[in-house]
Amino acid sequence: MMMPKEKLWKMVAASKYFCAGAQQSQRRCFTVDAYEDGPTQATAKEQVDSSSSKPISSFYSHSAIDIAATKPSVRLTPATMLYAGKSPDGSHLLRSGQYLHKELPVRIAHRITGFRGLPFIVGCNPTILHVHEMYIRAFQLLSQFPQITDFETEQRYTLLLKKLLDDHRDVVTMLADGFRECRKHIKNEALVRQFLDRTLTSRLGIRMLAEHHLGLHDDKPNYVGIICINLQLKKVIENWADFATKVCEHRYGRAPPINLNGHTNATFPYIETPLHYILPEIFKNAMRATVEKNTDANVLPPITVTIANNDVDFIIRVSDRGGGIVHQHMERIFDYHFTTAGVKNDRPDVGENGFDLFGTMMELSNPPPGAGPMYGFGFGLPTSRAYAEYLGGALKIESMQGIGTDVYLRLRHIDGKHESFRI
């Protein structure tokens with residue numbers, strides 16, 4: 001008779017934390033229970049730090065997770081977040097904190113359910129299991145935090161959010177590592193793709209909501225939380241193009257020029273966070289392909305970026321002359337862990353492990369917010385597409401084999417004039 005998966009998870013937790021639990025009981029520390037009475041013997045930061053070390057074995061079977069997982073998430077449109085604005089008395093901070101206090105545990109419980117649904121041999125991979133446990137601990141801390149009724153409690157909650165955002169900074173890298181380590185045990189690629197799409201986009205949504213709350217504390221001109229009121233898309237594109245150019249020159253000694261055309265004066269409200277991941281991924285691929293295809297050329301062909309803006313959405317097209325993507329790879333370019341970086345074994349920029357050193361260098365030089373090192377793991381394009389679709393848009397690639405590749409990034413406006421996505 002096969003043992004139920006839930007019972008197996010409990011056995012894993014018990015075996016891993018038997019010693020840890022005994023050691024924890026012997027030393028004095030503050031836990032989330034201390035939140036009930038406020039910071040009496042330690043500061044709020046000390047409470048958060050000590051709570052993070054609390055054993056979580058009991059939470060593998062905690063009914064609170066099961067209950068929260070049955071509740072639907074309440075997703076907000078960016079327009080709602082934008083037009084809620086800031087109130088002179090600061091009550092917007094309380095409303096935002098109260099929404100997150102109720103919403104975040106539900107979303108995290110959904111993701112814990114996703115981890116439980118993985119094939120057992122995959123879920124027991126030490127790296128994936130560690131991420132699973134990080135989500136459980138986050139649920140524990142957030143669900144046991146007291147109700148937010150005053151500014152002092154809201155400040156402590158904000159501190160907790162900052163700590164959790166920092167703790168979870170490298171989750172994507174860890175997931176990439178874990179799934180690569182146990183790849184030979186994966187029989188159902190569709191199941192893993194669905195899990196990663198949901199986990200990564202859910203993580204993006206959670207981070208945007210949390211960072212928006214943190215941003216409401218700042219008086220940054222032209223911003224409401226994380227929403228830029230008048231985003232100059234041309235400037236964002238130029239910033240990432242300049243960065244990619246410098247890295248490409250450092251790696252290859254030269255870089256293709258970038259020409260920008262179209263609706264270059266377009267301005268509109270938008271959230272920059274996802275663009276900070278998607279754009280460098282697109283530019284990195286275009287530059288690498290262009291340099292490698294034209295190694296003997298005295299002058300590299302330019303990469304052309306076209307902006308198209310309308311009332312419903314905006315489109316960014318990146319066109320290169322890097323030879324295109326061969327037919328047999330087109331169907332797999334959006335598969336997790338698939339990368340063309342290791343196709344040529346004699347390429348100088350590909351290490352023994354098949355990782356793209358140029359891409360890794362780009363990521364390590366300036367990691368996008370909350371993303372962690374990702375390039376070279378084969379997570380770049382599939383994650384970019386998942387983000388674009390989560391934001392109500394699309395990422396499509398058209399390859400002209402022998403000539404080059406056109407990448408189309410289409411994203412919906414958030415001004416509320418037309419139907420938009422929900423975070």
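Given the structure is predicted, the values throughout are model-derived calculations rather than measurements.

(A) Just unusual backbone geometry, in detail. Positive phi values are uncommon outside glycine, yet Asn222 reaches one of about 75°. By secondary structure assignment, the location of Asn222 is in the loop between helix H10 (189-215) and strand E1 (223-224).

(B) Quick peek at the packing of aromatic side chains. Across all of its chains, the model carries eight aromatic pairs by this definition. Three or more aromatic residues link up through ring pairs in this structure, and these residues are Phe115, Tyr135, Phe179 and Phe195. Lying over the aromatic face of Tyr223, Lys220 brings its terminal NZ or CZ to 4.2 Å of the ring centre.

(C) Structural detail: the pairing of strand E8 (residues 404-412). Pairing between strand E6 (residues 313-319) and E8: seven bridges, direction antiparallel. Counted as the bridge partner of Phe314 is Leu411 from E8. Of the strand pairs in this sheet, strand E7 (residues 394-400) and E8 are connected by seven bridges, and their pairing is antiparallel. Pairing of Ser399 across the sheet is with Thr405, part of E8. Linking E7 to E8, which pair antiparallel, is a turn of three residues; within it Gly402 sits at a positive phi near 95°.

(D) Here's a closer look at the environment of His217. Examined against the element boundaries, His217 turns out to sit in the loop between H10 and E1. Overall, His217 belongs to the partly exposed group, its relative accessible area being 33%. For the pair His217 and Gln155, spaced 62 residues apart in sequence, the C-alpha separation works out to 9.8 Å. Contact partners of His217, with chain neighbours within four places excluded, come to Leu93, Glu154 and Thr158. At 3.2 Å, the side chain of His217 and the side chain of Thr158 are in polar contact.

(E) Just the packing of helix H5 (residues 91-116) against helix H8 (residues 151-167), in detail. For the pair H5 and H8, the least separation of the axes is 10 Å and the interaxial angle reads 55°. What the angle tells us is that H5 and H8 run oblique. Two packed elements cross with a definite hand, and for H5 against H8 that hand is left-handed. Here Ser91, Leu93, Leu94, Gly97, Leu100, His101 and Leu104 of H5 come into contact with H8, specifically with Phe151, Glu154, Tyr157 and Leu161. A class-by-class count of the residues in the contact of H5 with H8 yields seven nonpolar, three polar and one charged.

(F) Inspection of the environment of Ala138 at higher detail. Residue placement: Ala138 occurs in helix H7 (residues 126-143). A relative accessible area of 5% places Ala138 in the buried class. Here the alpha-carbon distance between Ala138 and Pro105, two residues 33 residues apart in the chain, equals 8.1 Å. In contact with Ala138, other than residues within four places in its own chain, are Ile108, Leu164 and His168.

(G) Spotlight on the pattern of salt bridges. In total, this model carries twelve salt bridges according to the counting rule given. Put simply, Lys86 and Asp219 hold a salt bridge, and the shortest N to O gap is 3.8 Å. With Lys86 in the loop between helix H4 (78-84) and H5 and Asp219 in the loop between H10 and E1, this pair connects stretches of sequence that are 133 residues apart. Exposure remark for Asp219: the relative accessible area of 74% places this residue in the exposed category. Here Arg410 ties to Asp313 by a salt bridge, and the two come within 3.1 Å at their closest N and O atoms. Here Arg410 is found in strand E8, whereas its partner Asp313 is found in strand E6, with 97 residues between them in sequence.

Cut-offs and rules
Residues numbered from 1 in each chain as written. Predicted model: local features only at pLDDT ≥ 70, side-chain atom pairs only at ≥ 80, totals over all residues. Heavy atoms only, no water. Helix = DSSP H or I, 4+ residues; strand = E, 2+ residues; numbered from the N terminus. Phe/Tyr/Trp six-rings, centres within 6.5 Å; stacked < 30°, edge-to-face > 60°. Lys NZ or Arg CZ within 6 Å of the ring centre and 35° of its normal. Pairing = 2+ DSSP bridges. Buried < 20%, exposed > 50% of the residue type's maximum accessible area, 1.4 Å probe, protein only. Contact = heavy atoms within 4.5 Å. Polar contact = N/O pair within 3.5 Å; in protein donor to acceptor, adjacent residues only side chain to side chain. Axes fitted to C-alpha atoms, helices over the stretch in contact; angles between N-to-C directions. Parallel < 35°, antiparallel > 145°, perpendicular 65-115°, else oblique. Left-handed = near helix turned anticlockwise from the far one by under 90°. Nonpolar A, V, L, I, M, F, W, Y, C, P; charged D, E, K, R; others polar. Salt bridge = Lys/Arg side-chain N within 4 Å of Asp/Glu carboxyl O.

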